[in-house]
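Understanding the architecture of this molecule
The residues making up each chain are set out below.
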Amino acid sequence: MTILDGKKTSNDIKNEITAIVDEMKANGEKVPHLAAVIVGNDGASLTYVGSKVRACERVGFESTMVRLPNTTSETELLREIKKLNDNPDIDGFIVQLPLPEQIDTQKVLMNIDPDKDVDGFHPTNFGRMALDMSTFIPATPFGILELLDRYDVATKGKHTVVIGRSHIVGRPMSILMGRRGFPGNSTVTLTHSHTKNITQITSQADIIITALGVPGFLKAEMVKDDAVIIDVGITRVPDETKERGYYITGDVDFENVSKKASHITPVPGGVGPMTIAMLLKNTLLARERHRVAGK
Ligand code: GUN
């Protein structure tokens with residue numbers, strides 16, 4: 001059984017990006033600049049955005065964090081987005097999700113300049129991804145592809161079962177695994193809350209990608225021998241005995257499923273760190289596009 005080590009792989013990627021940024025600096029070029037917008041005080045979101053900003057510092061990018069109160073109106077947020085769209089110094093930015101309920105998420109995402117949409121959530125970029133065109137691939141699915149690639153996990157002709165159809169992970173993942181090329185060329189089944197007999201489906205899977213947010217959902221009896229298991233779930237479970245007051249766990253019963261799997265991602269230290277590394281990669285791509293365009 002091979003652990004798909006996202007912590008190590010994301011560090012390798014960050015080192016590769018650092019080397020590129022060092023060269024940019026040596027050549028007197030502008031370095032990539034990522035901005036992150038966060039609305040409200042959700043603990044997990046603040047942690048994620050903090051990690052994204054720290055990762056920028058680590059590789060030598062510039063970063064800007066825009067913090068807005070939970071009471072921010074849609075109009076106010078759209079005004080901030082316009083500022084970032086119009087600011088030539090910003091190469092790419094993200095709006096951390098989820099947003100407070102008074103704000104229409106889809107409307108916000110559609111107002112991000114697709115050229116700066118390093119999350120790849122704008123319909124233009126999502127469509128380009130589905131059509132095999134060059135684009136920003138959403139960071140979590142992109143991170144999973146990168147892990148499969150770097151560990152040389154075969155995907156061609158395999159049956160990939162995706163659990164969960166979120167716009168951020170499940171839906172794009174189901175498209176990407178069926179695309180031509182590697183990683184891809186899989187036969188994909190996308191399962192969700194209305195799927196019947198899920199065990200019957202998962203137990204036929206060569207690759208299972210689970211993005212539900214239900215701790216321990218995927219049990220050993222749902223998995224066939226030598227399956228590849230990708231766990232995207234990150235749930236904070238309250239635990240008084242921990243200093244932080246919680247522990248992090250995934251969708252997979254790791255102890256038992258790992259005994260059957262050929263490859264498996266741990267939580268924490270699997271897909272999570274890869275998401276951040278691939279956001280940096282997308283920001284580097286945004287900078288490169290702007291440089292070529294003379295911006
Ligand atoms: N919330 C959970 N994952 C993500 C992500 O990849 N990007 C953004 N913007 N928000 C998220």
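Residues numbered from 1 in each chain as written. Predicted model: local features only at pLDDT ≥ 70, side-chain atom pairs only at ≥ 80, totals over all residues. Heavy atoms only, no water.

This next bit is on the site of the ligand. Around the ligand, the neighbouring residues are Lys52, Val95, Gln96, Leu97, Asp119 and Phe121. With respect to the ligand, the backbone of Leu97 contributes an N or O atom lying 2.9 Å from a nitrogen atom. Between the ligand and Asp119 there is a distance of 2.6 Å, counted from a nitrogen atom to a side-chain nitrogen or oxygen. Out of a free accessible area of 280 Å², the ligand has 84% covered by protein chains. Across the shell around the ligand, the residue classes break down as three nonpolar, one polar and two charged. (Near = heavy atom within 4 Å. Polar contact = N/O pair within 3.5 Å; in protein donor to acceptor, adjacent residues only side chain to side chain. Areas by Shrake-Rupley, 256 points an atom, 1.4 Å probe, with all protein chains shown as cover. Nonpolar A, V, L, I, M, F, W, Y, C, P; charged D, E, K, R; others polar.)

We now examine the sheet that holds strand S1 (residues 2–3). Strand order in the open sheet made by the six strands is S1-S11-S8-S7-S5-S6, with parallel pairing throughout. Each of the sheet's edge strands pairs with one partner strand only, and the pair in question is S1 and strand S6 (187–191). With four bridges connecting them, strand S5 (residues 159–163) and strand S7 (residues 207–210) associate as parallel partners. Following the sheet pairing, Val161 is matched in S7 by Ile208. (Pairing = 2+ DSSP bridges. Helix = DSSP H or I, 4+ residues; strand = E, 2+ residues; numbered from the N terminus.)

Residues Met1, Ile3 and Phe254 make up a contiguous nonpolar surface patch of about 270 Å² in total accessible area. In this fold, Ile3 is placed in strand S1. A relative accessible area of 34% means that Ile3 is categorised as partly exposed. (Patch = residues over 30% accessible without salt bridge, like charges linked within 9 Å, V, L, I, M, F, W, Y side chains within 5 Å. Salt bridge = Lys/Arg side-chain N within 4 Å of Asp/Glu carboxyl O. Buried < 20%, exposed > 50% of the residue type's maximum accessible area, 1.4 Å probe, protein only.)

Further remarks concern the packing of helix H1 (residues 6–26) against helix H10 (residues 271–292). In contact at an axis separation of 8 Å, H1 and H10 are set at 20° when each is read in the N-to-C sense. Classified by the angle their axes make, H1 and H10 are roughly parallel. When you trace H1 past H10, the crossing you get is left-handed. From H1, Gly6, Lys7, Thr9, Ser10, Ile13, Lys14, Ile17, Ile20 and Met24 reach across to H10, where they touch Pro273, Met274, Ala277, Met278, Leu280, Lys281, Leu284 and Arg287. Looking at the contact of H1 with H10 residue by residue, the class counts come to 10 nonpolar, three polar and four charged. (Axes fitted to C-alpha atoms, helices over the stretch in contact; angles between N-to-C directions. Parallel < 35°, antiparallel > 145°, perpendicular 65-115°, else oblique. Left-handed = near helix turned anticlockwise from the far one by under 90°. Contact = heavy atoms within 4.5 Å.)

The next point concerns the pattern of salt bridges. Considering all chains together, one arrives at 13 salt bridges under this definition. A salt bridge links Glu74 to Lys107, with the shortest nitrogen-to-oxygen separation between them at 3.1 Å. Of this pair, Glu74 sits in helix H3 (residues 74–86) while Lys107 sits in helix H4 (residues 105–110), and the two are 33 residues apart along the sequence. We classify Lys107 as partly exposed; its relative accessible area is 37%. In this structure, Asp86 and Lys82 form a salt bridge, with 2.6 Å as the shortest nitrogen-oxygen distance. Here Asp86 pairs with Lys82, and both are found in helix H3, just four residues apart, close to one helical turn. Sharing partners across several salt bridges, the network here consists of Lys30, Asp89, Asp91 and Arg287.

So, about the packing of aromatic side chains. The way to describe two aromatic rings as a pair is by their centre distance and the angle between their planes. A complete count under the given rule lists zero aromatic pairs for this structure. Directly above the aromatic system of Phe136 lies the positively charged group of Arg289, at a separation of 4.6 Å from the ring centroid. (Phe/Tyr/Trp six-rings, centres within 6.5 Å; stacked < 30°, edge-to-face > 60°. Lys NZ or Arg CZ within 6 Å of the ring centre and 35° of its normal.)

This part takes up the environment of Val252. Among the secondary structure elements, Val252 is positioned in the loop between strand S10 (246–249) and helix H9 (254–257). The exposure class of Val252 is buried, given its relative accessible area of 7%. Counting along the chain gives 23 residues from Val252 to Thr275, while the straight-line C-alpha distance between them is 19 Å. The contact partners of Val252, leaving out residues within four places of it in the chain, are Thr210, Gly216, Leu218, Ile229, Asp231, Val257 and Ile264.

Overall, parallel pairing links the three strands, which are arranged S3-S2-S4 in an open sheet. Either end of the sheet is taken by a strand with one partner, and the two such strands are strand S3 (62–68) and strand S4 (92–95). Pairs of neighbouring strands in the sheet enclose a mean axial angle of 15°, with direction left out of account. Strand direction decides the pairing type here: strand S2 (residues 33–39) and S3, joined by seven bridges, are parallel. Residue pairing for S3: Val39 is matched across the bridge by Leu68.

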